Amino acid sequence: MNVKTKIEEILGKSLKALDIKDVDITLEHPTDMSHGDYATNVAMICAKREGKNPLKLAEEIAEEIRKNLDDDIEKVEVAGSGFINFYLSESFFSKSVSFIYYSGGDFGKNKNLENKRVMVEYTDPNPFKELHAGHLMSNSVGESISRLIEFSGAEVIRANYQGDVGPHVAKALWGMMKKEKERPPENSSLEEKISFIGSAYVEGSAAYEKEEARKEIDEINKAIYEKSNPELMKLYSWGREASLVHFEEIYKKLGTSFNHYFFESETAERGKKIVKEGLKKGVFERSEEAVIFKGEKYGLHTRVFVTSLGLPTYETKDLGLNAYKFEIESPNLSVVVTGNEQTEYFKVMLKALSLLHPEVAEKTIHIGHGMLTTPEGKMSSRKGNVMGGGTLLDDAESVALKKTKEGGKFENEEEEKKASETIALAAIRFTVLKQTPGKNVVFDFERSLSLEGDSGPYLQYSFTRAASAAKRAEDLGVKVDESGKFFLNTELERILYRFPEVVERAQKEYAPHYVVTYLTSTASSFNVFYAEHKIADPDDRSSGYKLLLTKSFQAVMKNGLYILGIGIPDKM
RNA sequence: CCUCCCGUAGUUCAAUGGAUAGAACGGGGGCCUUCUAAGCCCUAGAUGUAGGUUCGAUUCCUACCGGGAGGACCA
C-alpha cells in the first residue's frame, strides 16, 4: 500500500473516532516542503459545522491521528490557520529510494485501467496538404496520452485518421492540373513532389475563394468520391501516395507507430448509412436540399451532414469513423485528440451520434489541444504561411547539432547526429507538453529551440549527468548501499516517491503537463544534489547510498521521459 | 449578433478553494585544479477591471474590458 492511501486511512479512522462524518478527505503536498510532505485541510472545512475553532479542532484530530501512527510517519503537526501536516520519516524515504531502484521500469505504473482496451486517435494529417507544426502538437499530445494510458495498465490501439477525400483534395488536384507542366518527374525527390502538391493546394484554395474555379473544383470533388474519371484518379493516386510516404518519414522521426490508419474515403459510406437511419428516426432533417442536424435543440448549433450536392461532409464521415472503430476493435474507450478548434464541432457530432448509437458515443471522448500560433497570429495552410512539421524538426536538429558539436563529447559523427535528433525532438515535445492542454501555444522559434533552462534538453542533460556520475562511482568500486543509514535529507529524496501519484493524475485528467512540471522540479532537485554532493567518492561511507539515490533518480526520469515521448541521448 | 476557451513578473508557462502566488528566459551579481557549467547559488519583478459567495478566491458566480476559436453546405 502506498503511503498516501495509508495516511488517508488513518485520517478517515481518526475522523470516525471523533464522530466527524461526510467529509471529502483531501491530501495535498504543501508547496513548501518545510510544511511537511502531506497536508490536509479537513479541520478548516469542518470547523464551522462542528461549531469549533479550526485550530482547536485540528489539534483534536491531530491528537487522534497520533494514536495510529506507524514507522513511515515521523510526526503530525498543526500549523497555519488549521492545516494538519504530516512529516514522513527517514526510514520511509530510505525505503522508497530502494523500492524505486528495484522497481526500475515499472515504477510509476498503476492498474487503474487493467484489462481495458483504449483507442487513441491523433496526428490526423491530410494527404495533399502539408503536415504542419500543428500536427506535431497533436502527435505529441496523443502519444503522451497513449503512454499514460499504457502506464495505467491498458492496451492502447493507436489510430491515425487521414482525410484523403473532400474539398481540400479537389483544390489541390485542381492546382496540380493547372500546373501539370511543373509536376516533378517520378525520379525526383519526395521533397519536390510534396512542395509541388503544397503550392497546388494554395493555388486551388485561392481560386475557390474567388469563385473563378469553384464549379470545376466542386466537380473534381464529386468525381473523386465516385472514382468516375480514370485520368483524374491517376493524378489522385500519385499525390496521395507521395503524401503518405512523406508522413511515414515524419512518424518515424517522431518515434510513433500506428496500429490503424483510417481514411475518409472508407468512412463516408458508413457515415451515410447512419445519416439515412437518422433521417428516418427524425434525428436529422432536410433543409434547402441538404441534410442537417439541429443542434440548437441541445444548446449547440446546426451543422450540415450532407451537402445539397449530396456529398457527405466531415460530420458524416466522423459518424462513420467513430462507429467503425467500435466495429473492428470494440475498445472500452475511444479517445480522439485534435486541435480545440474542433471542440464545438465535436460536441454536435457526438450529440447526433448519441441519439443513434449511444453505446458508441458514451465511450468516445474528445481532447482538444491548444492551437499553435506564431507571435504574429494563427497559421493557416490556406494562406500558405504554415510552419511545416518536417521543416520544424530539421531546424531544431541543426540548432541541437551545433550545440552538440560545441560540447565535443562525440567522436563518431553519426552518433552525434543521432543524439542531436533526440535532443531536438525533446525540445519540441517539451514546449508542446509543458502547458495545460487546451491552451494555445505561442510558438516562439528562438525560445522553443533554446536548449537551456526549463526544457526537454535540461531533463535529458540531468539524466545524462546522473548516468555518468553513477558509472564513475561503479568504476571506482562503489556498490549500491541500501542499509538506510545515510539519509541526506535532500529535496531529491523527498520528491522521488511522488512520481506514481503524478502519473495517475495526469492520466485521469489527460494532462501530460503534470508530468513535465514534476520532472522539471525533480531534475532541478537532482542538480542541486549533484552540486552539493560528490557521488563517486570511494572514501565516503555514504557513497553507496548516493549511488542508489542517483540510480533511483534515473529510473524516475527514464519512465517520465518515456511518457512524454522524449528519448535519452548517450551523452550531451 | 450568439456560443465556447483564455487574461498571472518585461517574455513564455505553473499553482487538485488554502499557508509567503512557483519556475524558466531576459536584467544585475557570484561559482569550474574535484563525477558533464546544456549546471548551481544570490538578486529585482506579476493575479485585466468592478462587484459577489466563502473562515479563506489566481481558482467558483455576475457584469465589463481585452485576446483566440467556432457558428448551413470547409476540415
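Everything quoted here is computed from the prediction, not taken from an experiment.

1. Observations regarding the overall build of chain A
Part 1 of the reasoning: The helix and strand tally for chain A stands at 21 helices and 15 strands.
Part 2 of the reasoning: A burial count over chain A gives 43% of its 572 residues as buried.
Part 3 of the reasoning: Intrachain contacts of chain A at a sequence separation of at least 6 include 75% that bridge at least 24 residues.

2. What to know about the protein's contact with RNA strand B
Part 1 of the reasoning: The immediate surroundings of RNA strand B are formed by 77 residues, with Glu28, Gly80, Thr307, Gln435 and Gly453 found nearest.
Part 2 of the reasoning: Considering every element that reaches the surface near RNA strand B, the biggest residue donor is helix H17 (residues 456–475), with eight residues.
Part 3 of the reasoning: Across the surface near RNA strand B, the residue classes break down as 28 nonpolar, 32 polar and 17 charged.

3. Some points on the domain arrangement of chain A
Part 1 of the reasoning: What the domain assignment reports for chain A is domain 1 (3–88), domain 2 (122–378) and domain 3 (430–563).
Part 2 of the reasoning: Summarising the inter-unit geometry, the C-alpha centres of domain 2 and domain 3 are found 39 Å apart.
Part 3 of the reasoning: Taken together, the contact between domain 2 and domain 3 spans 21 residues of the former and 17 residues of the latter.
Part 4 of the reasoning: Of all elements in the fold, only helix H5 (133–151), strand S12 (364–369) and strand S13 (372–374) reach the threshold of two or more residues within the side of domain 2 that touches domain 3.
Part 5 of the reasoning: Counting residues per element, the side of domain 2 that touches domain 3 draws most heavily on H5, which supplies ten residues.
Part 6 of the reasoning: Each residue belonging to the side of domain 2 that touches domain 3 can be placed in one class, and the counts come to eleven nonpolar, nine polar and one charged.

4. A short note on the environment of Gln162
Part 1 of the reasoning: If you trace the backbone, Gln162 turns up in strand S6 (residues 155–162).
Part 2 of the reasoning: In this structure, the C-alpha to C-alpha distance between Gln162 and Pro125, residues 37 residues apart in sequence, is 5.5 Å.

Rules and cut-offs
All residue numbers refer to position in the chain's written sequence, counted from 1. Ligands are numbered from 1 and chains lettered from A, in the order in which they are written. It should be noted that, the model being predicted, local features are given only for residues of pLDDT at least 70 and side-chain atom pairs only at 80 or more, the latter also being counted only at that level, while totals for whole chains, interfaces and linings use all residues. The helix and strand labels rest on DSSP assignments: H or I over at least four residues marks a helix, E over at least two residues marks a strand, and numbering proceeds from the N terminus. Partly exposed residues are those whose C-beta has more than 12 but fewer than 20 other C-beta atoms within 10 Å; 20 or more makes a residue buried and 12 or fewer makes it exposed, with C-beta atoms placed from the backbone. We call two residues in contact if the C-beta atoms placed from their backbones are at most 7 Å apart. Whether a residue is near a molecule or strand depends on its C-beta atom, generated from backbone atoms, being within 6 Å of that molecule or strand. Amino acid classes used here: Ala, Val, Leu, Ile, Met, Phe, Trp, Tyr, Cys and Pro are nonpolar; Asp, Glu, Lys and Arg are charged; the rest, including Gly, are polar. All domain edges in this entry derive from an automatic or database-based domain assignment.

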